[in-house]
Every structure is written in C-alpha cells, then in structure tokens.
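Okay, here's what each chain looks like letter by letter:
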Amino acid sequence: TSVTIPNSVTSIGDYTFYNCSSLTSVTIPNSVTSIGNYAFYNCSSLTSVTIPNSVTSIGNYAFYGCSSLTSVTIPNSVTSIGNAAFYGCSSLTTLNYNAINCNNFDSYYHPFDNCPITTINIGDSVQIIPNYFAYNLDSLTSVTIPNSVTSIGDYAFCGCSSLTSITIPNSVTSIGDYYGWVFQGCASLTSITIPNSVTYIGDY
C-alpha cells in the first residue's frame, strides 16, 4: 500500500511497480534522476505522487492508468516525458508544469491523452511551451502563461475545444515554431489578445 524509496536509489526501473493496484502512496527521494517505462503502470489507487526536482526523464507509460491521481507537478528538471506517460489518469484535472528544457511532446501518444485536465499552471521559470503541449486536451478551460515564456510551440493548444480565454504575455515573441496550428480547433475561444512583442505567428 505504501513504499519509501531510500536516498541510495538513483533510478526507478522499467515495470518496477507495474499493476500494484493497492499502492496508495510513494515517496521518491531527490537522488532519483529517472522514472522508467511502465514504472507505476496501472497503480489505480495512487492518490498523489511527488516527482522530485532531480528527475530528468519520465518514461513511456510511466503512470498510465493511475486513475486516482487528481493532480501532478512536473518539476523544472524534467527534459523528457514519455509516450502516454499519464494516459488514462481519469481523475487528473490539474497539471502544474515547471519543466524548463522539455521542448516537445509526442502527438500520437500524448503524455496526457485521455486525461480530464481542466487547469494548467505554468511555472514562472518556463520559457518555452513545447510543441503539442496541450494537444487535444478537450476539457481544458484555463491556462495562465507567465511572463517568462518567450515562445509557444506548434500545435500547443490545438484541439482544446473547451478553452474559453487565454492571455499571452508581453514576453512572447513567437506563436508557433514552424508548422503553426497553435490554436486550431479551439471552438470555445471567444477572445485573444496578441501583444506587441509578437513578431511571428505560424500557419493556421
């Protein structure tokens, strides 16, 4: 039901807690730098997890099917989030995103696909919103972009059909990187203000 990982551990390997459906809590120490593929796959009773600021990579399907998770914080140390890492976390409504060097999400196996995320809080050290950041998160209604952000990646909010408003700060210089499609399919978006700082807007 619970596990405490000691400071001697530097990585959580593939399939470590695979299908541990009674696991409710886990303590991950600051010594851990990587969380492997399928590490907490289908840990359906896990209500919260703290990913420490030492972790640089979260593996494919790492928290797939963790249906009791309601919020997750991605620390600023993370550089990669694997395919479908949080897929099917059916209670996950809040994403706190602080990663400063994670520049691309996979579109086909989006890390947060099939998650009912309504709110994304972006940390004030984040400069780049990655490509496919909130791709097809059709429950998303609210997102705050801090003044630290300078660019918004391709397809970042594509398909966010419930997003009603968004404020782009004066720090942003580009909306879209190469392909564009940043707000394509945002059918509920009624207003948007593009600041004077923007010098480039991508296609579509």
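Conventions used here
Residues numbered from 1 in each chain as written. Predicted model: local features only at pLDDT ≥ 70, side-chain atom pairs only at ≥ 80, totals over all residues. Heavy atoms only, no water. Buried < 20%, exposed > 50% of the residue type's maximum accessible area, 1.4 Å probe, protein only. Helix = DSSP H or I, 4+ residues; strand = E, 2+ residues; numbered from the N terminus. Pairing = 2+ DSSP bridges.

Student: Which residues make up the pairing of strand β10 (residues 119-122), and what values do they have?
Tutor: The alternating pattern of β10 places I120 and I122 on a buried face, while none of T119 and N121, on the opposite face, is buried. Relative to β10, strand β9 (residues 94-97) runs parallel, the two sharing 4 bridges. Paired with N96 across the strands is N121, a residue of β10. Both β10 and strand β12 (residues 142-144) contribute to a ladder of 3 bridges, which runs parallel. Each residue of the ladder has a partner; that of T119, found in β12, is S142.

Student: Hey, could you go over the sheet that holds strand β3 (residues 25-27) for me, with residue numbers and the actual values?
Tutor: If you walk across this open sheet you meet the 3 strands as β1-β3-β5, and the pairing is parallel. Among the strands making up the open sheet, the edge pair consists of β1 (2-4) and β5 (48-49). Both β3 and β5 contribute to a ladder of 2 bridges, which runs parallel. Looking across to β5, one finds that V26 is bridged to V49.

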